[in-house]
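Topology and contacts: notes
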Amino acid sequence: MYRFVSFTVIFSFVSVMLYFHNQNGHDQASNHGEAHKHEEVSIPSGEQIPSIEGSVKKDHSGSWLLHIMTDNFKFTPEKAGLNEVNYSEGHAHLYVNGEKLNRLYGNYYNLGELEPGTYHIKVTLNANNHGIFTVDGQEIAYHKKLKIK
């Protein structure tokens with residue numbers, strides 16, 4: 001009986017650790033530098049160029065709400081990770097102070113309650129393969145410098 005209980009405890013612990021490792025493994029560790037840098041996807045001439053605008057506002061609950069609006073772009077979360085590239089679909093990547101925070105599959109993201117300070121917020125439009133859309137070498141991105149007192 002002791003062996004069975006020991007096996008169950010050890011197996012459960014290892015399973016939980018592997019689960020959390022896999023959940024946080026992709027693009028979450030900022031100390032890996034360029035290991036997870038995504039390539040550029042240059043939009044060729046003749047294709048409609050997607051665009052992104054946005055705003056960041058404090059909501060009634062005290063947290064900060066990011067709202068992004070796109071043109072010529074459709075969020076396709078069901079295709080994230082596929083190698084197919086369509087210049088008018090994909091997802092977005094959210095960076096706060098240079099660190100990737102999350103992927104976005106829609107127009108809103110709750111940044112939570114932010115401490116006083118300066119925050120550099122960047123949202124890039126990305127292809128299904130996670131490559132950053134560019135035009136003439138420039139990322140298609142929304143930038144916001146947010147100062148909270």
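Residues numbered from 1 in each chain as written. Predicted model: local features only at pLDDT ≥ 70, side-chain atom pairs only at ≥ 80, totals over all residues. Heavy atoms only, no water.

Next up on the list: the environment of Y119. If you trace the backbone, Y119 turns up in strand β8 (residues 117–126). The buried category is assigned to Y119, whose relative accessible area is 14%. In this structure, the C-alpha to C-alpha distance between Y119 and Y95, residues 24 residues apart in sequence, is 9.9 Å. Excluding residues within four positions of it along the chain, Y119 makes contact with V96, N97, L114, K144, K145, L146 and I148. A distance of 2.7 Å separates the side chain of Y119 from the backbone oxygen of E115, its partner in a polar contact. (Helix = DSSP H or I, 4+ residues; strand = E, 2+ residues; numbered from the N terminus. Buried < 20%, exposed > 50% of the residue type's maximum accessible area, 1.4 Å probe, protein only. Contact = heavy atoms within 4.5 Å. Polar contact = N/O pair within 3.5 Å; in protein donor to acceptor, adjacent residues only side chain to side chain.)

Summed over the entire model, instances satisfying the criterion amount to 3 salt bridges. A salt bridge links E139 to K122; the nearest nitrogen and oxygen atoms lie 3.1 Å apart. Here K122 lies in strand β8 and E139 lies in strand β10 (residues 138–139), a separation of 17 residues in the sequence. Look at K122 and you get partly exposed, because its relative accessible area is 21%. (Salt bridge = Lys/Arg side-chain N within 4 Å of Asp/Glu carboxyl O.)

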